[in-house]
Amino acid sequence: MARDFHGGRVDIAGARKIPKALGDKLRIGFARAGDVLLTHKGTVGLVAMVPEVQDYVMLTPQVTYYRTNPAALLNTYLKYAFQSPFFRHQLESYSAQSTRPYIGITAQKDLELEMPPPRLQRRIADTLSAYDELIENNQRRIEILEEMARRIYREWFVYFRFPGHENHPRVPSPLGEIPKGWGVRTLGEIAEDVRRNVPKGPLELPRPYVGLEHIPRRSLALDAWEMTAELGSNKLEFKKGEVLFGKIRPYFHKVSVAPFDGLCSADTIVIRARQPEHYAVVAACVSSDEFVAEASATANGAKMPRANWGVLEKYQVVVACGEVAEEFSSTMTGLIEQQQALVQQVQVLRRTRDLLLPRLLSGHIKLDAA
């Protein structure tokens, strides 16, 4: 599905799964490792290559897969050709002819590609792939930092295995035994839902806008946004360091820390710690699997459930004190800052790659095909 495309990759881990026995009974919609995917309905123009997977992946009818003959067309080159301004201009022209963005299989056959000889295709693809490899390396580091943050929160605040816990007595609490000196607070006591409404219409200056589609799943590192100068509907304003919690279908687990000031969808809960010392525990808590499960279980609406802050603010949170609280805050803040620094590096690499791409494909930058 289009929502499983993220940053030029297919989010296999986050994609829905069906039993293999059921998939084996189907006759169409299979894609295998190395196939190039292109979304062509609703969200038109997302491109990704199927990574190494066991057997195959199933596609919705909104996604076309391309399997190339490498003697004439390299799949790695095709992926970049689909991202070129020349090709994307054609996509926009065709899809604009429908009431809903759409370009069918027949129309896709009429689309033209810049197609140099295979040797030159390989040189171009290798040049651009070098940037993508650096991007993927940074994304893996972001994922590792994410996992570290989750593990530390779970170890310290769920299992209470923080440094020095062996000699720290425990006392009864509403959530069971907790370390002596710690407390149980409701989320609403340490954090608030900040609703700074921004009416639709033109803005004085272009500003970053974060829609729900930009917030990654299960990652505190916000890595996508767009600039906007006019709002088609009312939005919310957020500040750097506040947590953006995707309200619709909370089981999608879209929770990220804002790396800058900006605007976001009105279907976002903007969460701010009431005191700076609670920033880390608030970010860790509302992005935890347990909290997202609670938000999903208490969401309102059957067809499109929405998380309810009025319920979530009553969620009970264990709050540390003293050196443990300071060390956790320092550690979590450091991990989040490292993630955001890596996201900035990814943005620079993407911009550089995207500047090179049309020049390489059009021949304005010459490469030796030998």
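That block above? That's the structure.
The following refers to the structure shown. (Residues numbered from 1 in each chain as written. Predicted model: local features only at pLDDT ≥ 70, side-chain atom pairs only at ≥ 80, totals over all residues. Heavy atoms only, no water.)

**Quick notes on the sheet that holds strand β11 (residues 191-193)**
Right, so step 1: Strands sit in the order β11-β19-β16-β17 across an open sheet of 4 strands; the sheet is antiparallel. Two strands bound the open sheet, and with one partner strand each, they are β11 and β17 (255-257). Across the sheet, the axes of successive neighbouring strands diverge by a mean angle of 25 degrees, strand direction being ignored.
Right, so step 2: Sheet topology places β11 next to strand β19 (residues 268-273); 3 bridges connect them, and they run antiparallel. By the bridge assignment for β19, Ala-191 is matched with Ala-273. (Pairing = 2+ DSSP bridges. Helix = DSSP H or I, 4+ residues; strand = E, 2+ residues; numbered from the N terminus. Axes fitted to C-alpha atoms, helices over the stretch in contact; angles between N-to-C directions.)

**Examining the state of the cysteines**
Right, so step 1: By the definition in use, this model includes 0 disulfides.
Right, so step 2: Between Cys-285, a free cysteine, and Cys-321, which holds the nearest cysteine sulfur, the sulfur-to-sulfur gap is 18 Å.
Right, so step 3: Cys-285 sits in the buried class, given a relative accessible area of 1%.
Right, so step 4: A relative accessible area of 33% means that Cys-321 is categorised as partly exposed. (Disulfide = S-S within 2.5 Å. Buried < 20%, exposed > 50% of the residue type's maximum accessible area, 1.4 Å probe, protein only.)

**Notes on unusual backbone geometry**
Right, so step 1: Backbone geometry places Arg-218, a non-glycine residue, at a positive phi of 50 degrees.
Right, so step 2: Inspection of the secondary structure assignment puts Arg-218 in the loop between β13 (201-210) and β14 (226-231).
Right, so step 3: With phi around 60 degrees, His-253 is a residue other than glycine that occupies positive phi space.
Right, so step 4: For His-253, a relative accessible area of 7% translates into the label buried.

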